[in-house]
Amino acid sequence: PSPLSQFCQPSGWQLFTERNPPTFFVAVLTDINSERHYCACFTFWEAVESTQPQSHPRNGEEEEEEEEEEEPSSPVQPAQLFAPKSLVLVSRLDHAEVFRVSL
C-alpha cells in the first residue's frame, strides 16, 4: 500500500458490518526534502455486498450435547458490509481553514 493510503487508514482497510460516522482531519506531512504537505482527509463509509457465508459455530462448540442435523444447504444470503472511502486533498499551502465546515 502507498504511504498516503496508510495515512488515511492507519489500522488498515477493513470491512465493517455497521456504517461508521464520517471523519475529517487535517494533518501536515513532511517529505524527505523537509517540504510540508497539508492534507485534508475526509472518510465516509460505502455499502458493499459480500456473498461469503456468515461464520457459524463448529460442531462441539455449542452448549448442547446433542448434535442437530444440519439443514440442507440454502442459497447464501449476501451480508451487507461497509467499506471506507477517503477523499484527500494535498496542498503545499497552509489553508486548512478552507476545508473546515462551520456549524
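By the naming in an unreviewed UniProt entry, the protein is MTMR5 protein, taken from Nyctiprogne leucopyga.

All chains considered together, the criterion is met by two aromatic pairs. Judged by centre distance (5.3 Å) and plane angle (85°), the rings of Phe16 and Trp45 are edge-to-face. On the criterion of sequence distance, the pair formed by Phe16 in the loop between α1 (3-8) and β1 (23-30) and Trp45 in strand β2 (residues 36-50) is long-range, its members being 29 residues apart.

Take the pattern of salt bridges next. Counted by the stated rule, this structure contains one salt bridge. Between Lys85 and Glu46 there is a salt bridge, with the nearest N and O atoms lying 3.1 Å from each other. Of this pair, Lys85 sits in strand β3 (residues 79-91) while Glu46 is found in strand β2, placing the two residues 39 residues apart along the sequence. By relative accessible area, which is 38% here, Lys85 ends up partly exposed.

Here we take up the environment of Pro22. Within the secondary structure layout, Pro22 lies in the loop between α1 and β1. According to the relative accessible area criterion, Pro22 is exposed, its value standing at 54%. In sequence terms Pro22 and Pro84 are 62 residues apart; their C-alpha atoms lie 9.2 Å from each other. When neighbours within four sequence positions are excluded, Pro22 is seen to be in contact with Phe42, Thr43 and Phe44.

Our next topic: the nonpolar core. Counting residues in hydrophobic clusters, the biggest one holds five residues: Phe7, Cys8, Ala27, Cys39 and Cys41. Counting only elements with at least two residues in this core, the list comes to α1 and β2. Those residues in contact with Cys39 that sit more than four places away from it in its chain are Phe7, Phe25, Val26, Ala27, Leu29, Val88, Leu89 and Val90.

On to the side chain of His37, then. Its place among the elements puts His37 in strand β2. On the basis of relative accessible area, His37 is assigned to the buried category, the value being 16%. Reaching out from His37, the side chain makes a polar contact with the side chain of Asp31 at a distance of 3.0 Å. Aside from chain neighbours lying at most four places away, what touches His37 is Ala27, Val28, Leu29, Asp31, Val90, Ser91 and Arg92.

About the thresholds
Residues numbered from 1 in each chain as written. Predicted model: local features only at pLDDT ≥ 70, side-chain atom pairs only at ≥ 80, totals over all residues. Heavy atoms only, no water. Phe/Tyr/Trp six-rings, centres within 6.5 Å; stacked < 30°, edge-to-face > 60°. Helix = DSSP H or I, 4+ residues; strand = E, 2+ residues; numbered from the N terminus. Salt bridge = Lys/Arg side-chain N within 4 Å of Asp/Glu carboxyl O. Buried < 20%, exposed > 50% of the residue type's maximum accessible area, 1.4 Å probe, protein only. Contact = heavy atoms within 4.5 Å. Core = buried A, V, L, I, M, F, W, Y, C linked by side-chain atoms within 4.5 Å. Polar contact = N/O pair within 3.5 Å; in protein donor to acceptor, adjacent residues only side chain to side chain.

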